[in-house]
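Notes for the structure review
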Amino acid sequence: MSVGHRHKSAILIGFMGAGKSSVGKALAGLLHWQFIDLDQQIQLREKRTIAEIFRDSGEPAFRRAETAALRSTLAEISSSSGAVVALGGGAFAQQENQALLRDLRYPVIFLDAPVEELRQRCFDEGAVRPLFQNENQFRQLYESRREAYMKADFRVDTSGKTVAQVTAEVAALLGQDGPNASR
Ligand code: S3P
């Protein structure tokens, strides 16, 4: 398949616990690209944590902040010499964000795993996630988003794989696994 011309950037999507940030950091390190975590960008712009945004302003306000951060991140990376952007789990489920990414034709990679594994990883990480409430709600949210995630250019099954393995697979998909590939 064709992923357009901007091969010096990659967008990682997937549910909570998919490993977007850890794979994103490792991939950026491997390719000598910049790593941008969209959730961190939101926190910097809003000067408060994701949990505080959800608690004090609600999810719609969070989604607005997320789209604003995505827009400015995409503008920033257009002049970068290579960037990996990890989106939060809900970002690609928003039509507006999908359209922004589609227009710019950055390769979008869906990091996938069975919901049980995602839940376990979230549990192990222990990070505060406002949308990780209980097992049923987690599963339902995952199922409701799968259709959106499947619109990515690539899907990588991360089940039972290490961060290094997934990173190597993503680099290969991007055609960045050969000698001098990152230059
Ligand atoms: C969210 C996932 C989180 C963060 C926010 C909302 C979601 O990011 O953006 O809590 O809607 O799934 P991670 O996927 O990095 O946990």
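Computed from a predicted structure; not experimentally measured.

Moving on, we get to the packing of aromatic side chains. The tally for this structure, following the rule as stated, stands at 5 aromatic pairs. Judged by centre distance (4.9 Å) and plane angle (65°), the rings of F15 and F138 are edge-to-face. Of the two residues, F15 sits in the loop between β1 (9–13) and α1 (20–31) while F138 sits in helix α7 (residues 135–149), which places them 123 residues apart along the sequence. For the pair shown, F15 and F138 are each scored as buried. A ring pair is formed by F54 and F62, whose centres lie 4.7 Å apart and whose planes are at 35°; its orientation type is tilted. A residue is classified by how much of its surface remains accessible, and F54, at 15% relative accessible area, is buried. Connected via pairs of aromatic rings, a cluster forms that spans F15, F132, F138 and Y142.

Contact geometry for helix α2 (residues 38–46) and helix α4 (residues 59–77): axes closest at 9 Å, N-to-C directions at 105°. By the angle between their axes, α2 is roughly perpendicular relative to α4. Counted together, L38, D39, Q41, I42, R45 and E46 of α2 and F62, A65, E66, A68, A69, L70, S72 and T73 of α4 form the full contact between these two elements. Taken together, the residues of the contact of α2 with α4 sort by class into 7 nonpolar, 3 polar and 4 charged.

Structurally, R121 is set in helix α6 (residues 115–125). At 2.9 Å, the side chain of R121 and the backbone oxygen of G17 are in polar contact. Within the local environment of R121, its side chain forms a polar contact with the side chain of T158, the two groups lying 3.1 Å apart. Sequence-distant contacts of R121, that is, excluding residues within four places in its chain, are made with G17, A18, G19, A113, T158 and S159.

About the cut-offs
Residues numbered from 1 in each chain as written. Predicted model: local features only at pLDDT ≥ 70, side-chain atom pairs only at ≥ 80, totals over all residues. Heavy atoms only, no water. Phe/Tyr/Trp six-rings, centres within 6.5 Å; stacked < 30°, edge-to-face > 60°. Helix = DSSP H or I, 4+ residues; strand = E, 2+ residues; numbered from the N terminus. Buried < 20%, exposed > 50% of the residue type's maximum accessible area, 1.4 Å probe, protein only. Axes fitted to C-alpha atoms, helices over the stretch in contact; angles between N-to-C directions. Parallel < 35°, antiparallel > 145°, perpendicular 65-115°, else oblique. Contact = heavy atoms within 4.5 Å. Nonpolar A, V, L, I, M, F, W, Y, C, P; charged D, E, K, R; others polar. Polar contact = N/O pair within 3.5 Å; in protein donor to acceptor, adjacent residues only side chain to side chain.

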